[in-house]
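# An overview of the molecular structure
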Amino acid sequence: MQDALQELEIKVTFQDELLQRLDESLGQQQQEILRLRDQVRILAEEVRVLSESGPRPLAPEPPPPHY
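Residues numbered from 1 in each chain as written. Predicted model: local features only at pLDDT ≥ 70, side-chain atom pairs only at ≥ 80, totals over all residues. Heavy atoms only, no water.

### Here's the deal with the pattern of salt bridges
For the structure shown, the criterion picks out four salt bridges. Glu7 is the partner of Lys11 in a salt bridge, and the nearest nitrogen-oxygen pair spans 3.7 Å. In this pair, Lys11 and Glu7 are both assigned in helix α1 (residues 2-53), four residues apart and thus about one turn of the helix distant. Between Glu52 and Arg48 there is a salt bridge, with the nearest N and O atoms lying 2.7 Å from each other. Residue Glu52 and its partner Arg48 are both found in helix α1; the two are separated by four residues, about one turn of the helix. Relative accessible area serves as the criterion here: at 57%, Glu52 is assigned to the exposed category. Residues joined by salt bridges that share partners form a network here, namely Glu45, Arg48 and Glu52. (Salt bridge = Lys/Arg side-chain N within 4 Å of Asp/Glu carboxyl O. Helix = DSSP H or I, 4+ residues; strand = E, 2+ residues; numbered from the N terminus. Buried < 20%, exposed > 50% of the residue type's maximum accessible area, 1.4 Å probe, protein only.)

Next comes the structure, spelled out in structure tokens:
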């Protein structure tokens, strides 16, 4: 009986450690998601501004060298 109780305590300890690591990982992922969301918002705004300004005329391309 004592061995079974000790084994359960060990399992709970490992589960607590795993839960703590998963919680930390989840927090890091949430921060990354928020950072990426901000970047997408900024890029979407840049695309909107560029699309509203219309296409820019392309500079004439110089002719290729003749061999």
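Now that the structure has been shown, we can carry on.
### Here's the deal with α1
Taking 1.5 Å of rise per residue, 52 residues should cover 76 Å, and α1 covers 76 Å from first to last C-alpha, within 8% of that figure. Looking at the residues trailing α1, positive phi occurs at Gly54, about 85 degrees. (Expected span 1.5 Å × (residues − 1).)

### Examining the environment of Thr13
One can find Thr13 in helix α1. At a separation of 2.9 Å, a polar atom in the side chain of Thr13 contacts the main-chain carbonyl oxygen of Glu9. (Polar contact = N/O pair within 3.5 Å; in protein donor to acceptor, adjacent residues only side chain to side chain.)

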